[in-house]
Amino acid sequence: MNRWHRSPEALEAAQAWRDRCWMADGSILSNSALWTPENLAYLDTHFVQNLDEGTRGFLEKLHDQLAPTPPPVKQLAAEVLWILYLSVSDTSMRGSTKRLQIRQVWEWSNEPLPDSPMLQAPLEVGFANPGTGFQTNRWREFAFLVLLARDWKALTDTARSDLIAQPWDFAGWVDRHPAGVNRQFRHMLLYLLYPDYFERVMTSSHKEQIIRRLGSRFGVGAGVDFRDRTAVDRALHELRPLLERHYDSEVADYYVSPIRDDWMDAPQSTATNGAVDPTTADEAREWQRTRVGDRRVWLLAPAEGARLWPEFQRERIAAIGWDELTDLSAFPTYEAVYEALRALHGGNPTNDANACHQFAHQIKPGDLIIAKQGRSVLLGYGKVTSPYRYDESRSEYRHVVDVDWQHTGRWNLPAEHRMVAKTLTDMTPYPRWLHAALPLMDESLRSEGEGQHLSGGEAVGREQQEKSEKPFPPSGYQGGSGDVEPSGPAPQSSPPEPYPLETALNDLFMGQEQFRAVLDALARKKNVILEGAPGVGKTFVAKRIAWALMREKDHSRVQMVQFHQSYAYEDFVQGWRPKETGFGLQDGVFHRFCTRAAEDPQRAYVFIIDEVNRGNLSKIFGELMMLIEADKRGPEFAVPLAYSPDCRFYVPDNLYVLGMMNTADRSLAMVDYALRRRFSFIRLQPAFGADQFANYLAELGASEELVQRVVIRMTELNQAIAQDPRMGSGYEIGHSFFVPGDGTDTLDDAWYERVVRQEIEPLLREYWFGREEQVREQVDRLLA
């Protein structure tokens, strides 16, 4: 039996889709005929054969590609997304985000999305985390499904009936399709249609690894040709009953310990000294027995955005919500609390019911609780000191246990150990995760002078203050002389935290394709300008581009300045400055940064310029206008400077310049053409349509309705701005206005109205100056 127990509704929905859409021409969300050869031909013509290779988001491009098609085709596109998202787990994309995007696409047809039960429970949990590659290649998965369905519909009814009745024959037919190479939906589709024959494993590499590691132990899969994907699936099917007997489990799952630990490679977790942790699964379990013993370890979110964390520390408690259930002791089983929540709220409250049952009946005195914020920040841990109780005196979060919070602070987990977006999780079965998390906090406690640890209910998360250093010209460097001022942050006292591409993508509302385009442009051109409308997060993105380029979060190798109308060559390169007695020649901030980069030629340095088009660029750069060119770097191109003609200056090859430019600033003239020729320009777009943005708001506690309101209303506003002949797309409003800076805001309707009234409306008054009726109309739409 191979049915993933957390998503029975998804499997039931898949069978309904097979009967109504795959074998017939119907619809999964309405009573219309949508999965017809004619509608699939439209998608083939307008999407598959009309691919948009630009850097805009998937939904933005899909909107334009489908614009000429009739309404049923747009509705079919929404259902294509439905079946693509049916497999995706809630740890990768929340159900609310799936529904939001499906609704967006459906409503391009100018018809409301029906209130179908297929939009609720089946989309909540899912069964696989396909990774960032699925999101980046979503257009390929979409195209594959369209082409597969088109060719399926071209078969005779008899041929389709014969194929669908034989799982291995159907898999062979799918594998012969030329568009299916390396497509994850191939694995998703087979598991959805035949969960008793295929595994919830979404990549060929994982399947191969399982056969090599576990198959060899049980005499299965010897000599299998891994290029034959159906043969690999047959080997896994043969392996399953052997695993179930060996692990004494009715449902042996490859992604749950202990089976997971016996085939999956050890995660590349980073220790505090920057070394790779080579811990094996057995070593991690042994470490867990020594460090934790028989106690269970729980991961807890102290309300949305960790807003109750200070209260938990002060009152020495841990608590969860769902106060409407009153005393959880009255629900002796998981099933009882599940039915109660379902009766109150509907849907599929699997995670909520688990949290309530575990909190009341499974957490025991002596257990450890680790507090978290979001999916990557640890806040501390403590020992449970009391059984569960229902505290009616509390205004909220009345389900309580007492906790002796022993160690508190703020620690960032490596990307490979990011946590699931759940209120409560039993982490006891995950020794490798515990081996990454607990030593991270313990080691930080033993370190001195890092500014990472706060205890006793004090405020947490204080950032380390940047320090200055006084550089010196390296040997052989032909820079200027004179008094040298501090040039920026000092080297970090502890090794920098690794910052791979995956971490950057987790931090940003940006697709992998666009992010790689920026890194490629920097590598090729050395100089890049990020341009975009207010609020698209240019500064936030720029720092993460710098860290990704360096592959580590080293603040000492990043320098940031802001240009303005009074900024001059003397500030940037070199000039005479007053001293206690007279004047002295002083190197500017860019000159000093070049000095530091030149004496460390094996590592990248990034110079960030905010508001690059606000300064007089020719005046600021001077002779550097030539030296920053990618093919004019190095000592062989050194030139004398205006204030030190006897010394020769050059820009080192390992220094990259990253500028930022606001496209909505009316006061700015066009960028100097000499500078424009030396930079690559990359436009950042508002990310209201990005999955990561919707997931982010949901993780901070925003309701599904509020997330939908923000995304749809702001998208409509930006369309109105882009269509205004006096402005255009450069004046669109970015998503950063709706990203709480410190995560302490309660994301509700009142918060949304504050953002609109206090931040969006003033900007619109500036955009539409003297057109009060236009401003009022748009604000009313936002708040309707």
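Rules used in this analysis
- Residues numbered from 1 in each chain as written.
- Predicted model: local features only at pLDDT ≥ 70, side-chain atom pairs only at ≥ 80, totals over all residues.
- Heavy atoms only, no water.
- Helix = DSSP H or I, 4+ residues; strand = E, 2+ residues; numbered from the N terminus.
- Buried < 20%, exposed > 50% of the residue type's maximum accessible area, 1.4 Å probe, protein only.
- Contact = heavy atoms within 4.5 Å.
- Areas by Shrake-Rupley, 256 points an atom, 1.4 Å probe, with all protein chains shown as cover.
- Lys, Arg positive; Asp, Glu negative; His and termini not counted.
- Salt bridge = Lys/Arg side-chain N within 4 Å of Asp/Glu carboxyl O.
- Polar contact = N/O pair within 3.5 Å; in protein donor to acceptor, adjacent residues only side chain to side chain.
- Core = buried A, V, L, I, M, F, W, Y, C linked by side-chain atoms within 4.5 Å.
- Pairing = 2+ DSSP bridges.
- Phe/Tyr/Trp six-rings, centres within 6.5 Å; stacked < 30°, edge-to-face > 60°.
- Lys NZ or Arg CZ within 6 Å of the ring centre and 35° of its normal.
- Axes fitted to C-alpha atoms, helices over the stretch in contact; angles between N-to-C directions.
- Expected span 1.5 Å × (residues − 1).
- Parallel < 35°, antiparallel > 145°, perpendicular 65-115°, else oblique.
- Left-handed = near helix turned anticlockwise from the far one by under 90°.
- Nonpolar A, V, L, I, M, F, W, Y, C, P; charged D, E, K, R; others polar.

Here the focus is the overall build of the protein. A count of helical and extended segments in the protein gives 31 helices and 18 strands. Burial status across the protein gives 55% buried among its 784 residues. Sequence-distant contacts, at least 24 apart, represent 71% of the contacts inside the protein between residues at least 6 apart. Entry remark: accessible area of the protein is about 33,500 Å², with carbon and sulfur atoms responsible for 48%.

This part takes up the side chain of Lys74. Tracing the backbone shows Lys74 in helix α4 (residues 71–86). Among buried charged residues, Lys74 stands out as having no salt bridge; its nearest opposite-charge side chain is Glu111, 10 Å away. A distance of 3.2 Å separates a polar side-chain atom of Lys74 from the backbone oxygen of Leu66. A distance of 2.4 Å separates a polar side-chain atom of Lys74 from the backbone oxygen of Thr69.

Ranked by size, the top nonpolar core spans 70 residues in total, and within it Trp17, Trp35, Trp82, Ile102, Phe142 and Phe170 carry the most contacts. Sorting elements by how many residues they give to this core places α4 first, with 11 residues. Other than its neighbours up to four places away in sequence, Trp17 contacts Trp22, Ile28, Trp35, Trp82, Ile83, Leu189 and Leu193. Core analysis: the next-biggest nonpolar cluster, separate from the first, contains 38 residues, Phe312, Leu328, Ile369 and Tyr390 among them.

Another aspect to go through is the pattern of salt bridges. Per the stated rule, a full pass over the model turns up 42 salt bridges. In this structure, Asp233 engages Arg186 in a salt bridge whose closest nitrogen and oxygen atoms are separated by 2.8 Å. With Asp233 in helix α13 (residues 229–246) and Arg186 in helix α11 (residues 184–193), this residue pair connects regions lying 47 residues apart in the sequence. Asp233 gets classed as buried once you look at its relative accessible area, which sits at 1%. Between Asp404 and Arg316 there is a salt bridge, with the nearest N and O atoms lying 2.2 Å from each other.

To continue, consider the pairing of strand β12 (residues 574–578). For β12 and strand β13 (residues 583–587), the ladder comprises 5 bridges, and the chain directions are antiparallel. Across the sheet, the residue bridging to Arg577 is Gly584, located in β13. A loop of 4 residues connects β12 with β13, the two strands running antiparallel in sequence, and Gly582 in this loop sits at a positive phi of about 80°.

Next up on the list: the packing of aromatic side chains. With the rule as written, the count across this model stands at 37 aromatic pairs. Seen from their ring centres, Tyr334 and Tyr338 are 5.9 Å apart, and the 40° between their planes marks the pair as tilted. One end of the pair, Tyr334, and the other, Tyr338, are both in helix α17 (residues 334–345), 4 residues apart, so they sit about a helical turn from each other. Judged by relative accessible area, Tyr334 falls into the partly exposed class, the value being 22%. For the cation-ring pair, Arg544 lies above Phe540, with the distance from its terminal atom to the ring centre recorded as 3.5 Å.

This part covers unusual backbone geometry. Of note, the phi angle at Arg551 is positive, near 70°, even though the residue is not glycine. Take Arg551: it is sitting in the loop between α22 (538–550) and β10 (552–553). With a phi angle near 55°, Glu611 is a residue other than glycine that sits in the positive phi range. Here Glu611 is to be found in the loop between β14 (605–610) and α25 (617–621).

One open sheet accounts for 5 strands, arranged β11-β14-β17-β9-β18; its pairing is parallel. The strands lining the two open edges of the sheet, one partner per strand, are β11 (558–562) and β18 (680–684). Across the sheet, the mean angle from the axis of one strand to that of its neighbour is 20°, orientation sign disregarded. Summarising the sheet, strand β9 (residues 527–532) and strand β17 (residues 655–662) pair through 6 bridges and their orientation is parallel. Bridge pairing links Val528 to Leu658 in β17.

In this section: helix α1 (residues 8–22). With 15 residues, α1 should reach 21 Å at 1.5 Å per residue; the first-to-last C-alpha distance of 20 Å fits that figure. Listed as buried for α1 are Glu9, Ala10, Leu11, Ala13, Ala14, Ala16, Trp17, Cys21 and Trp22.

The next subject is helix α18 (residues 350–361). Look at α18: 16 Å from first C-alpha to last across 12 residues, which is about the 16 Å you get at 1.5 Å a residue. Where burial is concerned, most of α18 is hidden: 9 out of the 12 residues are buried. Within the sequence span of α18, burial applies to Thr350, Asn351, Ala353, Ala355, Cys356, His357, Gln358, Phe359 and Ala360.

Now for the environment of Trp322. Among the structural elements, Trp322 can be located in the loop between β2 (317–320) and α17. Under the relative-accessibility criterion, Trp322 is labelled buried at 17%. Spatially, the C-alpha atom of Trp322 lies 7.8 Å from that of Cys356, the residues being 34 residues apart in sequence. Trp322 has contacts with Leu341, Asp352, Ala355, Cys356, His399 and Thr423, leaving out every residue within four places of it along the chain.

With that out of the way, let us pick up the packing of helix α12 (residues 204–218) against α13. Direction vectors running N to C along α12 and α13 enclose 50°, while the axes themselves pass 10 Å from each other. With respect to each other, α12 and α13 are oriented oblique. Here α12 runs over α13; the crossing is left-handed. Across the interface between the two elements, Ser204, Lys207, Ile210, Ile211, Leu214, Gly215, Arg217 and Phe218 from α12 touch Arg229, Val232, Asp233, Ala235, Leu236, Leu239, Leu242, Leu243 and His246 from α13. When grouped by side-chain class, the residues that make up the contact of α12 with α13 number 10 nonpolar, 3 polar and 4 charged.

Honestly, that's just the spatial picture; any functional story needs more than this.
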